[in-house]
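Close look at the chain arrangement
As a plain string of letters, each chain reads:
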Amino acid sequence: MRILKISWALFILLNIYDVIISAIYWLKVGTTFEENFFIWYYYYYEWNIPFTLALLMLISVKLLFFTGVYWYTRLFDLFKVGKYKWLSLLPFVVLSILIDTQNTFILLSTF
């Protein structure tokens, strides 16, 4: 149970870090490097997107992502393997680490 709590905390903190790094990049460069369909769709038609709208889109996509991951981990309870629920979070934590590392390098290369 302790490993599961650590995995959830790490997953949440990494995604909060991703939103903060994206916001800093937006303020410095004026654009976002998120692979977000809704933001790119808005860019295509409007050519400009306000910072608050982009930030709200990023946060809403993260909340949808958290919800999806939560229900995915609930499947482990359904299949009676709740003891290994922390393993279900492992791919998402690793993916978050890789994305945050890439975003940090992009941010550092702009200075």
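As a reminder, the structure under discussion sits directly above these lines.
Residues numbered from 1 in each chain as written. Predicted model: local features only at pLDDT ≥ 70, side-chain atom pairs only at ≥ 80, totals over all residues. Heavy atoms only, no water.

Overall, the coordinates contain 8 aromatic pairs when judged by the stated rule. Ring centres of Phe11 and Phe65 lie 5.4 Å apart, and the angle between their planes is 50°; on these two criteria the pair is classed as tilted. Here the residue Phe11 occupies a position in helix H1 (residues 2–29), and Phe65 occupies one in helix H3 (residues 51–78), the gap between them amounting to 54 residues. Seen in terms of ring centroids, Tyr72 and Phe92 are 5.7 Å apart; in terms of plane orientation they differ by 80°. Their pairing is edge-to-face. Of this pair, Tyr72 sits in helix H3 while Phe92 sits in helix H4 (residues 85–109), and the two are 20 residues apart along the sequence. Taken together, the ring pairs in this structure connect Trp8, Phe11, Phe65, Phe66, Tyr72, Phe76 and Phe92 into an aromatic cluster. (Phe/Tyr/Trp six-rings, centres within 6.5 Å; stacked < 30°, edge-to-face > 60°. Helix = DSSP H or I, 4+ residues; strand = E, 2+ residues; numbered from the N terminus.)

Further remarks concern the side chain of Lys85. For Lys85, the position within the fold is in helix H4. With sequence-adjacent residues up to four places away left out, Lys85 is seen in contact with Leu4, Thr73, Phe76 and Asp77. (Contact = heavy atoms within 4.5 Å.)

All right, on to the pattern of salt bridges then. Any two side chains of opposite charge can pair, on the condition that their charged atoms come close. In this structure the tally under the stated criterion is 3 salt bridges. Here Lys85 ties to Asp77 by a salt bridge, and the two come within 2.8 Å at their closest N and O atoms. Take Asp77: its relative accessible area is 31%, and that puts it in the partly exposed class. Ionic contacts of the salt-bridge type, sharing partners, join the residues Arg74, Asp77 and Lys85 into one network. (Salt bridge = Lys/Arg side-chain N within 4 Å of Asp/Glu carboxyl O. Buried < 20%, exposed > 50% of the residue type's maximum accessible area, 1.4 Å probe, protein only.)

Attention now goes to the environment of Met1. One can find Met1 in the segment before H1. Of the residues examined, Met1 reaches a relative accessible area of 73% and is grouped as exposed. Separated by 83 residues in sequence, Met1 and Tyr84 place their C-alpha atoms 9.3 Å apart.

This brings us to the nonpolar core. Membership of the largest hydrophobic core is limited to 8 residues, which are Leu4, Trp8, Phe11, Leu14, Phe66, Val69, Leu89 and Val93. Taken together, the elements giving at least two residues each to this core come down to H1, H3 and H4. (Core = buried A, V, L, I, M, F, W, Y, C linked by side-chain atoms within 4.5 Å.)

The contact between H3 and H4 brings their axes to 8 Å, and the two run at 150°. In this structure, the crossing between H3 and H4 has a hand that is right-handed. The segment H3 lies against H4, with Phe65, Val69, Tyr72, Thr73, Phe76 and Asp77 engaging Lys85, Ser88, Leu89 and Phe92. When its residues are assigned to classes, the contact of H3 with H4 shows 6 nonpolar, 2 polar and 2 charged. (Axes fitted to C-alpha atoms, helices over the stretch in contact; angles between N-to-C directions. Left-handed = near helix turned anticlockwise from the far one by under 90°. Nonpolar A, V, L, I, M, F, W, Y, C, P; charged D, E, K, R; others polar.)

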